[in-house]
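# Descriptive analysis of the structure
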Amino acid sequence: MSDLVIIFLSLGVFFNLAGCIGLIRFPDIYNRLQASTKCVTLGTILILVAIVIHFGWNSISIKAIFCTIFILLTAPAAAHAISRGSHRAGFPLWEGSIMDRYRDDFPQKPIE
Amino acid sequence: MEIFLILLLICAFFCLYRVGAGPTPPDRTVAIDILGILMVGFCAILSLFTGKDLYMNVAISWALLAFIGTTALAKYLEGRTFDE
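Residues numbered from 1 in each chain as written. Chains lettered and ligands numbered in written order. Predicted model: local features only at pLDDT ≥ 70, side-chain atom pairs only at ≥ 80, totals over all residues.

## Comments concerning the overall build of chain A
The helix and strand tally for chain A stands at four helices and zero strands. Along chain A, helices and strands appear, N-terminal first, in the series α-α-α-α. With respect to the three principal axes, the spread of C-alpha positions in chain A is 55 × 25 × 20 Å. By residue count, 42% of the 112 residues in chain A fall in the buried class. (Helix = DSSP H or I, 4+ residues; strand = E, 2+ residues; numbered from the N terminus. Buried ≥ 20, exposed ≤ 12 C-beta atoms within 10 Å, placed from the backbone.)

In structure tokens, the structure reads:
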């Protein structure tokens, strides 16, 4: 296992750990979403890139390339669906938030 | 080399804490989504260490099922129904 693979694996696991600490520490659903989704997507993609570097042209690396493309396409779509659904369902923002532009177009109904 | 797997398991336990203690339903949905993507990375590292093809199949199918489940839960959060 070469040094480049170790570097990519370490970067990927570091980004995953940072995203999960953000998922624990942040005060709000929207903050947790923007902290964790981007960091964990980048970390997993770095791990898959390390697999492609290590194996070369192999069946495992072809599957890793497919998995990379699929995660790049679907993780932002899933995060956007969660934030849109929770905002429309009326879950409130953190009390320290200073701006909510989406509320002008789609007013939040109060949660029952 | 097992330190990568141990760190990813610590991340997974953070996500499970958020699933259990999240104050609102979208917190639990976000944690389930993040847990799916983390397990894709976990299976990829297992495939890197063992050199077997099986774990990448597990990773691809886990990514598919995590996306479908997250989308269904988000739709349920938005309208509280599956009708539209």
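## Here's the deal with the interface of chain B and chain A
When the parts of a complex come together, some accessible area is lost, and that lost area is often used as the size of the interface. Tallying the contact residues gives 36 residues for chain B and 39 residues for chain A. A per-element tally of the side of chain B that touches chain A places helix α2 (residues 25-50) of chain B first, with 15 residues. Counted by class, the side of chain B that touches chain A contains 24 nonpolar, six polar and six charged residues. (Contact = placed C-beta atoms within 7 Å. Nonpolar A, V, L, I, M, F, W, Y, C, P; charged D, E, K, R; others polar.)

## A word on the packing of helix α2 (residues 29-55) of chain A against helix α3 (residues 59-89) of chain A
Residues and elements named next belong to chain A. As a packed pair, α2 and α3 sit with axes 9 Å apart at the nearest point and diverge in direction by 175°. On the basis of the axis angle, α2 is roughly antiparallel to α3. Broken down by class, the residue content of the contact of α2 with α3 amounts to 17 nonpolar, seven polar and no charged. (Axes fitted to C-alpha atoms, helices over the stretch in contact; angles between N-to-C directions. Parallel < 35°, antiparallel > 145°, perpendicular 65-115°, else oblique.)

## Some remarks on the nonpolar core
Counting residues in hydrophobic clusters, the biggest one holds 55 residues, and the most contacted among them are C15(B), I34(B), L38(B) and A44(B). Those elements giving two or more residues to this core turn out to be α1 (3-25), α2 and α3 of chain A together with α1 (2-21), α2 and α3 (54-79) of chain B. Per-element tally for this core: the top contributor is α2(A), with 13 residues. In contact with A44(B), other than residues within four places in its own chain, are I47(A), L48(A), I51(A), A64(A), M56(B) and A59(B). (Core = buried A, V, L, I, M, F, W, Y, C linked by C-beta atoms within 7 Å.)

## A word on the environment of A44(B)
All names here are of chain B. Topologically, A44 is positioned in helix α2. Note on A44: 26 C-beta atoms within 10 Å, which makes it buried. With 13 residues separating them along the chain, A44 and N57 place their C-alpha atoms 9.6 Å apart.

## Considering the confidence of the model for chain B
All names here are of chain B. Mean pLDDT for chain B: 87, with 94% of residues reaching 70 or above. Averaged pLDDT values over the elements of chain B bottom out at 89 in α3 and peak at 91 in α1. For this predicted complex, the interface confidence comes out at an ipTM of 0.86, alongside a pTM of 0.87. (pLDDT = per-residue confidence, 0-100.)

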